[in-house]
Amino acid sequence: MREEYGNLDKVEMSIWECCELLNDVVDESDPDLDEPQIEHLLQTAEAIRKDYPDEDWLHLTGLIHDLGKVLLHPSFGGLPQWAVVGDTYPVGCAFDKSIVHHKYFEENPDYHNPAYNTKYGVYSEGCGLNNVMMSWGHDDYMYLVAKENKTTLPSAALFIIRYHSFYALHRSGSYKQLMNGEDVENLKWLEIFNKYDLYSKSKVRIDVEKVKPYYLSLIEKLYVLLVYVAGLHHQAEPAVAADALRFNLHPPKWQLLEIDYWILVASGIHLVAP
Ligand SMILES: [Fe+2]
Ligand SMILES: [Fe+2]
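Treat the numbers as computed from the prediction; the structure is a model and nothing was measured.

A.B. asks: Just give me the short version of the overall build of the chain, but keep the residues and values in it.
C.D. replies: Within the chain, the regular secondary structure consists of 12 helices and 2 strands. When its helices and strands are written in sequence order, the chain yields α-β-α-α-α-α-α-α-α-α-α-α-α-β. Across the 274 residues of the chain, 39% fall into the buried class.

This is the structure:
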């Protein structure tokens, strides 16, 4: 699954296009089914923006955190709900009792395998969550996409994207034995984020067209940055060069951008369809 989806070679679309595509899929685990997915993304991002106006990386994280749900869409293989949404948890070590529907793990061979059913399993103390295999879902997929696109988002953003459905960790405090120092720091941001992910689902409607320019500008800045970070500026392909010109960005300004926006990603996000 990871190999297949890790190729990222089937579809190329912008972040905004992806947000709109998400409107076509239904997350059956979502209590607010009557609201389009794009509203959820923007409610999360806007609520964070209100309280943390300077943390633009966190606004963007709010916008993109659920984009992996495109796995439900036919053009991305139309995976079943259980493979895309719901709680995520580590594999390769004991399933913690706090994981939802824990009792059904008894039917999983790993549950009885002494190599996998201990506190550490195949891992070691403090090995770092990025070395832990998580169950597949929209979180891990979006994390994979961001990483393969060589995102310059800070590690806290990637942490939020990968573990926001890992309730055993952020709600129950399990699996802390696998965390390293960076995870401990990043968990603080995830705890902040989570309040907005869940409670932003208020009845406050978002005027999508009104806030769209802000997010497009954020995405655009980031795109140019990605070009810079990827080191493409010396041999820029025509399209890349044209974009740089469009933003009136010449190498010294790119340099500046790297300092101002060390945190961000691209609009040219590459997503996969099988
Ligand atoms: Fe999610
Ligand atoms: Fe969400």
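Let us keep going from here.
A.B. asks: Please provide a residue-by-residue account of the UniProt feature "binding site: Fe cation" (unreviewed entry) in the chain, values included.
C.D. replies: With numbering matched to this structure, UniProt assigns "binding site: Fe cation" (unreviewed entry) to His40, His65, Asp66, His138, His164 and Asp197. For His40, the location among the structural elements is in helix 3 (residues 37-51). According to the C-beta neighbour criterion, His40 is buried, with 22 such atoms within 10 Å. The buried category is assigned to His164, around which 21 C-beta atoms lie within 10 Å. Apart from the residues within four sequence positions on either side, His164 is in contact with His65, Asp139, Leu190, Phe193, Asn194 and Asp197.

A.B. asks: Can you break down the nonpolar core residue by residue, with the values?
C.D. replies: In this structure, Cys19, Val70 and Met142 are the most contacted members of the largest nonpolar core, which totals 57 residues. Of all elements in the fold, only helix 2 (15-22), helix 3, helix 4 (56-64), helix 6 (138-148), helix 7 (155-163), helix 8 (167-170), helix 9 (181-199) and helix 10 (208-229) reach the threshold of two or more residues within this core. Among residues more than four places away in sequence, those in contact with Cys19 are Ile38, Leu41, Leu63 and Leu67.

A.B. asks: I'd love a proper account of the packing of helix 3 against helix 4, names of residues and values included.
C.D. replies: Any two packed helices are characterised by how steeply their axes cross, that is the angle between the axes, and by the distance between the axes. Across the interface, helix 3 lies against helix 4 with an axial gap of 7 Å and an inter-helix angle of 165°. With respect to their mutual orientation, helix 3 and helix 4 come out roughly antiparallel. Handedness of the crossing formed by helix 3 with helix 4: right-handed. In this structure, helix 3 contributes Leu41, Thr44, Ala45, Ile48 and Arg49 to the contact, and helix 4 contributes Leu58, His59, Gly62 and Leu63. In terms of residue class, the contact of helix 3 with helix 4 is made up of 5 nonpolar, 3 polar and 1 charged.

A.B. asks: Break down the environment of Trp189 for me, with residues and values.
C.D. replies: Of note, Trp189 is situated in helix 9. Looking at Trp189, the number of C-beta atoms within 10 Å reads 19, which means it is partly exposed. On a C-alpha basis, the gap between Trp189 and Ile160 in space is 7.4 Å, while along the polypeptide they are 29 residues apart. Ignoring anything within four residues of it in the chain, the contact list for Trp189 reads Ala156, Phe159 and Ile160.

A.B. asks: If you had to explain the packing of helix 2 against helix 3 to someone new, which residues and values would you point to?
C.D. replies: Viewed as axis vectors pointing N to C, helix 2 and helix 3 meet at an angle of 125°, and their least axial separation amounts to 7 Å. Compared by their axis directions, helix 2 and helix 3 come out oblique. Here helix 2 contributes Cys19, Glu20 and Leu22 to the contact with helix 3, which in turn contributes Gln37, Ile38 and Leu41. Of the residues belonging to the contact of helix 2 with helix 3, the class tally is 4 nonpolar, 1 polar and 1 charged.

A.B. asks: With reference to specific residues and values, describe the confidence of the model for the chain.
C.D. replies: Looking at the chain as a whole, its pLDDT mean stands at 79, while 76% of the residues score no less than 70. The low-confidence segment residues 224-240 (pLDDT under 50) makes 31 contacts with residues lying over four places distant or belonging to another chain. Confidence over residues 252-274 falls short of pLDDT 50; this stretch has 77 contacts with residues more than four positions distant or in other chains.

A.B. asks: How would you summarise helix 3 if you had to cite specific residues and measurements?
C.D. replies: The first and last C-alpha atoms of helix 3 sit 22 Å apart over 15 residues, in line with the 21 Å expected at 1.5 Å per residue. By the criterion of burial, helix 3 is predominantly enclosed, with 12 of the 15 residues buried.

A.B. asks: Give me the lowdown on unusual backbone geometry, citing residues and values where you can.
C.D. replies: A positive phi angle is found at His101, which is not glycine, with a value near 60°. Residue placement: His101 occurs in the loop between helix 4 and helix 5 (109-112). Overall, the presence of 8 C-beta atoms within 10 Å leaves His101 in the exposed class. At Tyr175, a position not held by glycine, the phi torsion is positive, near 70°.

What counts as what
- Residues numbered from 1 in each chain as written.
- Chains lettered and ligands numbered in written order.
- Predicted model: local features only at pLDDT ≥ 70, side-chain atom pairs only at ≥ 80, totals over all residues.
- Helix = DSSP H or I, 4+ residues; strand = E, 2+ residues; numbered from the N terminus.
- Buried ≥ 20, exposed ≤ 12 C-beta atoms within 10 Å, placed from the backbone.
- UniProt positions renumbered as here; feature names shortened; annotations may be inferred.
- Contact = placed C-beta atoms within 7 Å.
- Core = buried A, V, L, I, M, F, W, Y, C linked by C-beta atoms within 7 Å.
- Axes fitted to C-alpha atoms, helices over the stretch in contact; angles between N-to-C directions.
- Parallel < 35°, antiparallel > 145°, perpendicular 65-115°, else oblique.
- Left-handed = near helix turned anticlockwise from the far one by under 90°.
- Nonpolar A, V, L, I, M, F, W, Y, C, P; charged D, E, K, R; others polar.
- pLDDT = per-residue confidence, 0-100.
- Expected span 1.5 Å × (residues − 1).

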